[in-house]
Structures are given as C-alpha cells and as structure tokens.
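Structural overview for review
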Amino acid sequence: MINRPYKLGLTGSIGMGKSTTANLFRELGIPVWDADAAVAALYEKEGAAVPLISAVLPDAIRDGAVDRAALKNKIAVDPEVLRTLEKIVHPLVQADRKAFAKVNSTAPILIFDIPLLFETNGDAEMDGVLVVTTSPDEQRRRVLDRGQMTEAEFEIILSRQLPDLEKRARADYVLETNSIDQTRADVVALIKKLEAKNA
Ligand SMILES: CC(C)(COP(=O)(O)OP(=O)(O)OC[C@H]1O[C@@H](n2cnc3c(N)ncnc32)[C@H](O)[C@@H]1O)[C@@H](O)C(=O)NCCC(=O)NCCS
Ligand SMILES: Nc1ncnc2c1ncn2[C@@H]1O[C@H](COP(=O)(O)OP(=O)(O)OP(=O)(O)O)[C@@H](O)[C@H]1O
C-alpha cells in the first residue's frame, strides 16, 4: 500500500487536448495542477517572477507585470534570453508544483498538466505519464481554427517540441482525443486502473 498520491503527468503537443482532458479529470474530483496557469500567475502583477525578471530584463516589465510580447521579441533577437528566463522561472514553477502536491497529499491521484513535461525532464518526477494525441491533420486544424497564430508560428512551436510519435512512445498511457464522450469514458477507466494500482 503506497499511502501517497499517484502522480500522473498529462502532456501532449499543442492542440492535442491537454486542457480538455484536464477538465475531465477535474469534473471527476481529481486535483489538477496546470503549468501554464502557474507561469501566468508568476508573471502577473505582484507575481514572484516579476522582480527577478525585472532585475535582468527591465524593459520586459509593463505596469508591474511581465510582458510576454516584449519577452518574445527579446528572445527572437537573442535566444539566450529564453535560457535566462527559464533559469528564473523553472525553479519557481517547481516550487508551485511541490506546494500543490503538499496541499493535496491525501488525494489518491494527482494530475500535472505540463505541455513541456518531456522537454523539461519533468517525467522523472512522475509515477506515470499520460499523453493525449490525435492525427497531425486534426491537430493543425484545431490550432489554426483558433485564429491565434499563423501556420508559420504553428510550425515553429512544432519544431521546438518533441515529435508526437516520440511522446506516444515514452508514455505509460495514450489517449486519442477524437470524441469527448470516448475520452471521458477513457478517463474514468484510467482512474479506476490507477486507483487499483495504488491501492
Ligand atoms: C517565451 C514565452 C514568454 C512565450 O510566451 P507565449 O505566450 O508566446 O507562449 P506560451 O509559452 O504561453 O505558449 C502558448 C501555448 O503553447 C504552448 N507551448 C509553447 N511552447 C511550446 C513548445 N515548445 N512545445 C509545446 N507547447 C508549447 C504553451 O504551453 C502554451 O499552452 C513563454 O513561453 C515563457 O515565459 N517561457 C519561459 C517560462 C517557461 O519555461 N515556461 C514553461 C514552464 S513548464
Ligand atoms: N476528446 C476530445 N474530443 C474531441 N475534441 C477534442 C477533445 N479534446 C480536445 N478537443 C478539441 O481540441 C481542441 C484543443 O483542445 P485543448 O485546448 O484541450 O488542447 P491543448 O492541448 O490544451 O492545446 P494547447 O497546447 O494549445 O493549450 C479544442 O477545440 C477541443 O474542443
């Protein structure tokens, strides 16, 4: 009997269904930690990252908060800026993740929704990894239909992340996200499997 939560990493390339699947776990009462939300909180006014980023990149701060657009422009000019940024942000994100696990230490399962889980070696801290996926065509359609980025920007993000096939190969569990009802059923079945495993 392992009387501690089973830590399940939830990841997948952009547009593959991470947020939707995370919400299905939340609906079933499973606590979910969202890496993107943690970064957003660090960047907003009074966020812990603001003074640290301000010290090295003063003009990336606007109205007391981190300005992502300014950061992106700086990174485009000097890729080293991203490494400086990650050196500041990753420890703060990890501290937030550990605080979440502590607060939820009695839950049987915890979900960690981390888009860059494999890229940041976060899978080493997990008991298992769930990768959500769909076909490349469906992924492209979903991301471009949002109208938030050009095809070129989509290709750049794809080029920066681990290929989907590699994520599927490294996963302990893989869910195809092609029907909400099917994914909900798959999530219910996976929770039952993990609770039995962790009992
Ligand atoms: C460089 C920054 C400012 C660019 O911000 P921007 O809003 O343009 O993009 P953001 O990173 O929020 O990405 C938008 C969405 O695409 C996803 N995404 C971004 N890059 C990738 C990638 N290489 N692979 C997969 N998904 C990605 C994000 O998870 C998010 O869901 C931002 O990425 C950043 O602050 N990075 C440093 C902090 C960090 O390391 N974050 C990850 C912690 S796990
Ligand atoms: N199980 C599913 N069945 C059908 N459609 C889905 C499913 N999961 C997600 N989708 C659709 O795919 C799109 C992207 O989903 P979602 O935002 O959850 O992906 P994401 O991986 O979080 O994206 P990003 O990495 O860009 O944040 C949404 O339009 C959503 O409706």
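Residues numbered from 1 in each chain as written. Chains lettered and ligands numbered in written order. Predicted model: local features only at pLDDT ≥ 70, side-chain atom pairs only at ≥ 80, totals over all residues. Heavy atoms only, no water.

Taken together, 17 residues lie around ligand 1, and Asp36, Tyr43, Arg68, His90 and Gln161 are the ones closest in. In the model, an oxygen atom of ligand 1 is placed 2.5 Å from a nitrogen or oxygen of the tyrosine 43 side chain. Contacts to ligand 1 include glutamine 161, whose side-chain N or O atom sits 2.6 Å from a nitrogen atom. Summarising the interface, the protein chains cover 78% of the accessible area of ligand 1, which totals 870 Å² for the free molecule. A class-by-class count of the residues in the shell around ligand 1 yields 10 nonpolar, two polar and five charged. Looking at the shell around ligand 1, you find at least three residues from each of domain 1 (1–31 + 109–198) and domain 2 (36–106). (Near = heavy atom within 4 Å. Polar contact = N/O pair within 3.5 Å; in protein donor to acceptor, adjacent residues only side chain to side chain. Areas by Shrake-Rupley, 256 points an atom, 1.4 Å probe, with all protein chains shown as cover. Nonpolar A, V, L, I, M, F, W, Y, C, P; charged D, E, K, R; others polar. Domains from an automatic or database assignment.)

In this section: the nonpolar core. In this structure, Trp33, Tyr43, Ile53 and Val89 are the most contacted members of the largest nonpolar core, which totals 31 residues. For this core, the secondary-structure elements that each account for two or more residues are helix 2 (35–43), helix 3 (49–56), helix 4 (68–77), helix 5 (80–103), strand 5 (109–113) and strand 6 (128–133). Built from parts of two domains, this core gets at least three residues from each of domain 1 (1–31 + 109–198) and domain 2 (36–106). Counting residues in each nonpolar core, the second largest holds 19 residues, with Leu24, Phe25, Ile30 and Leu194 among its members. (Core = buried A, V, L, I, M, F, W, Y, C linked by side-chain atoms within 4.5 Å. Buried < 20%, exposed > 50% of the residue type's maximum accessible area, 1.4 Å probe, protein only. Helix = DSSP H or I, 4+ residues; strand = E, 2+ residues; numbered from the N terminus.)

Here the focus is unusual backbone geometry. Among all residues except glycine, the phi angle is most often negative; among peptide bonds, the trans geometry is most common. With a phi angle near 75°, glutamate 46 is a residue other than glycine that sits in the positive phi range. Of note, glutamate 46 is situated in the loop between helix 2 and helix 3.

On to the domain arrangement of the chain, then. According to the domain assignment, the chain consists of domain 1 (1–31 + 109–198) and domain 2 (36–106). Opposite the 10 residues of domain 1 that make contact, domain 2 presents nine residues. Between domain 1 and domain 2, the buried area comes to about 770 Å², and carbon and sulfur atoms account for 67% of it. Contact with domain 2 buries area across many residues of domain 1, yet Leu110, Phe112 and Glu125 alone supply 42% of it, more than any other trio. Summed over the shared surface of domain 1 and domain 2, the number is one salt bridge. Between glutamate 125 and arginine 97 there is a salt bridge, with its nearest N and O atoms 3.0 Å apart. Linking domain 1 to domain 2 there are two residue pairs in polar contact (both at pLDDT 80 or more). (Contact = heavy atoms within 4.5 Å. Buried area = accessible area lost by both parts, 1.4 Å probe. Salt bridge = Lys/Arg side-chain N within 4 Å of Asp/Glu carboxyl O.)

When the UniProt feature table is mapped onto this chain, "binding site: ATP" (unreviewed entry) is found at Gly15, Met16, Gly17, Lys18, Ser19 and Thr20. Mapped onto the fold, glycine 17 is located in the loop between strand 1 (6–11) and helix 1 (18–27). Each residue touching glycine 17, except ones within four places of it in the same chain, is listed here: Val132, Arg142 and Thr177. Along the chain, serine 19 turns up in helix 1. (UniProt positions renumbered as here; feature names shortened; annotations may be inferred.)

All right, on to the side chain of arginine 142 then. By secondary structure assignment, the location of arginine 142 is in helix 6 (residues 136–145). There is a polar contact of 3.3 Å between the side chain of arginine 142 and the backbone oxygen of glycine 15. There is a polar contact of 2.4 Å between the side chain of arginine 142 and the backbone oxygen of threonine 177.

Moving on: the pairing of strand 6. Every other side chain in a regular strand lies on the same face of the sheet, so the side chains alternate between the two faces. Where burial is concerned, most of strand 6 is hidden: six out of the six residues are buried. Every second residue of strand 6 is oriented toward a common face, with Gly128, Leu130 and Val132 on one face and Val129, Val131 and Thr133 on the other, all of them buried. As judged from the four bridges shared by strand 1 and strand 6, these two strands associate in the parallel manner. Bridge pairing links threonine 11 to valine 131 in strand 6. Judged from the four bridges that link them, strand 6 and strand 7 (residues 173–176) form a sheet pairing that is parallel. Note that in strand 7 the partner of valine 131 across the bridge is valine 174. (Pairing = 2+ DSSP bridges.)

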